[in-house]
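One-letter residues, chain by chain:
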Amino acid sequence: MTSLNPQWFYVNPPARVQAVRLTDNADWEAIAEWCGGELINYAVGDSGEYETKLIVPGPEFAEHGNWVLRGTTGHFFVCDNSAFAAAYSPEKPDLGGAS
């Protein structure tokens, strides 16, 4: 199993959160471990296909395309992509140089 160490910080002044998006390329198991959540698979109609959701403690459900965030108090929550894009922006790294 891959260890997830989110290095991505996003800001919604004055808040600073860690966030990871649930995509096809994301390690969903590592994300579930990071947030203390649980993955569930459920059947989609009679098609024989399954979809995966992540239950984030709270409980909240996260699905493909959603963001899982850890807030300033350590609490995890879910945000859909459009709300996340409207509220948060990537934190610019401090490269230690003069501006």
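For clarity, every value in this text was computed on a predicted model and none was experimentally measured. (Residues numbered from 1 in each chain as written. Predicted model: local features only at pLDDT ≥ 70, side-chain atom pairs only at ≥ 80, totals over all residues. Heavy atoms only, no water.)

Participant: Any chance you could explain unusual backbone geometry here in plain terms?
Facilitator: Excluding glycine, most residues fall at negative phi; most peptide bonds, likewise, are trans. In this structure, the amide linkage connecting Gly58 to the following residue, Pro59, adopts the cis form with an omega of -15 degrees. Position of Pro59 relative to the elements: it lies in the loop between β4 (49–56) and β5 (60–62). (Helix = DSSP H or I, 4+ residues; strand = E, 2+ residues; numbered from the N terminus.)

Participant: Sorry if this is basic, but what is going on with the packing of aromatic side chains here?
Facilitator: Applying the stated criterion to the full structure yields three aromatic pairs. Ring centres of Trp67 and Phe84 lie 3.9 Å apart, and the angle between their planes is 10 degrees; this geometry places the pair in the stacked category. Taken together, the residues Trp67 in strand β6 (residues 67–70) and Phe84 in helix α2 (residues 81–87) connect sequence positions 17 residues apart. A network of ring pairs unites the aromatic residues Trp67, Phe84 and Tyr88 as a single cluster. (Phe/Tyr/Trp six-rings, centres within 6.5 Å; stacked < 30°, edge-to-face > 60°.)

Participant: What should I look at first to understand the environment of Glu63 in this one?
Facilitator: Here Glu63 shows up in the loop between β5 and β6. Remark: the alpha-carbon pair of Glu63 and Lys53, spanning ten residues in sequence, is separated by 4.8 Å. Among all residues touching Glu63, those that are not within four sequence positions of it are Leu22, Trp28 and Lys53. (Contact = heavy atoms within 4.5 Å.)

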